[in-house]
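Survey of secondary and tertiary structure
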Amino acid sequence: MMMLQDGSLQLLCLTASSGVPLFTRGASKQLPFSVIGSLNGVHMFGGGQGVVLSCCETEGGGKVVWRVFQDSVMLIAVSGGGGQGGAGSSSSSKEEEIRLQRLLENVWNCMVLVLGQDELANVRNVERLKRDLRSCFSLIDQLLEDRQEGILGNLTHCADTLLPPNPALLQEAVEGFAQAADSEFGCLIVHGRIAAATEKWWRLAPQEVVLLSALMRSLSASGSASCDYPVFLPQGSPTVAHRLLRFQLLPGADVCVLCGPSPSLHRAESGLVGRFWSPLVETLRDCLAVGERCLPGSVSLRPDVLALLLINRETRRSVSCVRTSTIHPLGDAPLPSKARCWELLKLFYIFSTTRYFSQEETLCVSPEERVQRGNTEDFVLGFSHQPLQCYLVTEECKSYGLQTPQHQLFLLIPLSVPTFALRTVATQTLSDITAATAL
């Protein structure tokens, strides 16, 4: 079967009952209609024989993943293979499968977020649905490209956060702004990450928080200073729309609320934005200055930490960063580039959470897979205990994972750091961050 070139990714969306293509996104070189028909046909054939086909691998190392939602829409992700490993070549296939399964789940919920579940579950007019789905493309493309460094929520389903130097001031402003807008759901986004939010915002389902942040990034990229956008909450309100009011405070800083019919966009923009946020311009600039580090200056990280991902397991919030190390590379081995560090961090996260660490949400999203083999390797099933730490040494760097009842920490560390010192680096890093912040 003809596949895509190495490293490329294509998403196909079809009606589940008849296989009519609704849209194709991803790789510039699209798969021929005959191949799309074959991908749909083999899944339908398996279903007719009582077999659920969820994933297969091609001879060239490519991956095909299927998922049907609401017995109405079928999503197919086709990967051209050639993806770089990082958790060992033998495990790269599993990492790719998990990432594609998570992608399909995110895309479906993105479609529900924009269009609502009723329109997707009850397809009355295919041509009209095709037109309506175009409004999802910018958000779907953001999920497909996955190029924004530091945004890992699409994979972890934990909210990407930025920890500001003056959290109390921003928290008070967000809560006051939301209350004045007749809402209990308010959020401040800085550099694409949540800097402050109301209690009700954090009570939304973790995936809803992640997708709303992604939508905010998409709307911000459009260049508009404000907007009034209808949204459905995939879990909390999939059939009844809410209004998302978004306002740009400074370049890189946006505030939003979820509300009902009132207030109007004009009233909120003219009467509320300046009232609550004009006095905090300098505070917002200080927050913006935190930048990609996502941690305030009060947190001092060890120089031998290349990258980190810290997850609060209770609140489903995370902070991540990649930094330039001052450690001299071991021998002639160069340090991984910044982009490569982000990729290795994602791969190590999948490696650790599918083999050792427990998860509040299962990454393998197919219900059939959950029943058949869950989310762990076979050799883990016999463990009588829950691993709390793990490490991995590759040709590029060393990785270390640490799990406590409240946190999960994933680190990338230069090869020059002795393996016996990795645990000390991890425990000190976790202590330094938690002692200085509320994460």
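Residues numbered from 1 in each chain as written. Predicted model: local features only at pLDDT ≥ 70, side-chain atom pairs only at ≥ 80, totals over all residues. Heavy atoms only, no water.

Structural notes on the overall build of the protein
What counts is decided by this rule: Helix and strand assignments follow DSSP, with helices taken as H or I runs no shorter than four residues and strands as E runs no shorter than two, numbered in order from the N terminus. A 1.4 Å probe rolled over the protein chains alone gives each residue an accessible area, and that area as a share of the maximum for its type sets the label: buried under 20%, exposed over 50%, partly exposed in between. By definition in these notes, contact holds between two residues if any of their heavy atoms fall within 4.5 Å.
Helix and strand counts for the protein come out as 14 helices and 16 strands. When the 439 residues of the protein are sorted by exposure, 55% land in the buried category. For the protein, restricting intrachain contacts to residue pairs at least 6 apart in sequence, the fraction spanning at least 24 positions comes to 64%.

As for the pattern of salt bridges
The condition that has to hold: Put simply, a salt bridge is a Lys or Arg side-chain nitrogen that is within 4 Å of an Asp or Glu carboxyl oxygen.
Enumeration over the complete set of coordinates arrives at 14 salt bridges. A salt bridge links R302 to D304, with the nearest nitrogen and oxygen atoms 2.9 Å apart. Overall, R302 belongs to the partly exposed group, its relative accessible area being 22%.

Considering the side chain of S218
Defined as follows: Distance and chemistry together define a polar contact, namely a pair of N or O atoms within 3.5 Å, with one atom able to donate a hydrogen and the other to accept it when in protein, and with adjacent residues in sequence counting only for side-chain atoms on both sides.
Within the secondary structure layout, S218 lies in helix α9 (residues 206-221). A distance of 3.2 Å separates a polar atom in the side chain of S218 from a polar atom in the side chain of S138. Not counting residues within four places of it along the chain, the set of residues in contact with S218 comprises S138, L139 and Q142.

Quick look at helix α11 (residues 281-290)
Condition: This arc describes the spread of directions from the helix axis toward the C-beta atoms.
Every buried residue of α11 is accounted for by T283, L284, C287, L288 and V290. On an axial view of α11, the arc spanned by its buried residues comes to 145°, and they lie on one face. Against the buried residues of α11 lie α7 (167-180), β7 (185-190), β8 (193-197), β10 (237-250), β11 (253-259) and α10 (265-277). Following α11 by one or two positions, G291 has its phi on the positive side, about 60°.

Side note on the pairing of strand β14 (residues 389-393)
Just so we agree on the cut-off: Two strands are said to pair when DSSP picks up at least two bridges between them.
Only one face of β14 is buried, namely the one carrying C390 and L392, since none of Q389, Y391 and V393 on the opposite face is buried. For β14 and strand β15 (residues 398-403), the ladder comprises 5 bridges, and the chain directions are antiparallel. Across the sheet, L392 pairs through a bridge with S399, a residue of β15. Taking the residues that link successive antiparallel strands as the turn, the β14-β15 hairpin has 4 residues.

A closer look at the confidence of the model for the protein
Under the convention used in this document: What pLDDT expresses is the predictor's confidence in each residue, scored from 0 to 100.
Looking at the protein as a whole, its pLDDT mean stands at 86, while 87% of the residues score no less than 70. Per-residue pLDDT stays below 50 along residues 362-376; that stretch engages in 37 contacts with residues further than four places along the chain or on separate chains.

Some points on the sheet that holds β8
Rules: Throughout, an axis means a line fitted to C-alpha atoms (over the contacting stretch in the case of helices), and angles, computed between N-to-C directions, take values from 0 to 180 degrees.
Taking strand neighbours across the sheet as the criterion, the 5 strands line up as β8-β7-β11-β10-β9 in an open arrangement whose pairing is antiparallel. Because the sheet does not close on itself, it has two edges, and the strands there are β8 and β9 (226-233). Each neighbouring strand pair of the sheet contributes to a mean axis angle of 30°, computed without reference to strand direction. Bridge count for β10 against β11 is 7 bridges, and the pairing is antiparallel. For L250, the partnering residue across the bridge sits in β11 and is A253.

A short note on the sheet that holds strand β13 (residues 317-322)
One key point about sheets: their strands pair by backbone hydrogen bonds, in either a parallel or an antiparallel sense. Pairing is mixed in the open sheet, where 6 strands are placed in the order β6-β13-β12-β16-β15-β14. Edge positions in the open sheet fall to β6 (159-160) and β14, since each of these has one partner strand only. Packed onto the sheet, helix α14 (residues 422-436) meets β12 (307-312), β14, β15 and β16 (407-413) and runs at close to 125° relative to β16.

Some details on the nonpolar core
Worth spelling out the cut-off: We define a nonpolar core as any set of buried Ala, Val, Leu, Ile, Met, Phe, Trp, Tyr and Cys residues linked to one another through side-chain atoms lying within 4.5 Å.
Among the nonpolar cores identified, the biggest contains 52 residues, and M111 and W201 are the most heavily contacted of them. Here this core takes 11 residues from helix α2 (residues 92-115), the largest share from any one element. The residues touching W201, leaving out its near neighbours within four places in the chain, are E184, F185, G186, C187, I194, V209, L212, C256 and L258. Within the second largest apolar cluster, 30 residues are counted, among which are L162, F247, V255 and L288.

Side note on the environment of V52
Locating V52 in the fold gives a position in the loop between α1 (33-48) and β3 (55-57). Taking the C-alpha atoms as reference points, V52 and R67, 15 residues apart in sequence, are found 9.5 Å from one another.

Re the packing of α7 against α10
Short version of the rule: Here the angle decides the label: under 35 degrees means roughly parallel, over 145 means roughly antiparallel, 65 to 115 means roughly perpendicular, and every other value means oblique. By the definition used in this description, the sense in which the near helix is turned from the far one sets the handedness, with an anticlockwise turn below a right angle giving left-handed and a clockwise turn giving right-handed. Residues are grouped as follows: Ala, Val, Leu, Ile, Met, Phe, Trp, Tyr, Cys and Pro are nonpolar; Asp, Glu, Lys and Arg are charged; all remaining types, including Gly, are polar.
Where α7 meets α10, the axes come as close as 10 Å, and the angle between the chain directions of the two elements is 155°. Considering the angle they form, α7 stands roughly antiparallel to α10. Along this stretch, α7 crosses α10, giving a crossing that reads as right-handed. Contacts from L170, A173, V174, G176, F177 and A180 in α7 reach R267, L272, V273, R275, F276 and W277 in α10. Partitioned by chemical class, the residues of the contact of α7 with α10 number 9 nonpolar, 1 polar and 2 charged.

Let's talk about the packing of aromatic side chains
The condition is simple: For Phe, Tyr and Trp, rings pair up if their centres lie within 6.5 Å, where Trp contributes its six-membered ring, and each pair is then called stacked (planes under 30 degrees apart), edge-to-face (over 60) or tilted (otherwise).
One pass over the structure, following the stated rule, counts 10 aromatic pairs. With centroids separated by 5.3 Å and ring planes inclined at 75°, the aromatic side chains of Y349 and F410 adopt a geometry described as edge-to-face. Of the two residues, Y349 is situated in helix α12 (residues 338-355) and F410 in strand β16; the sequence distance between them amounts to 61 residues. Take F410: its relative accessible area is 0%, and that puts it in the buried class.

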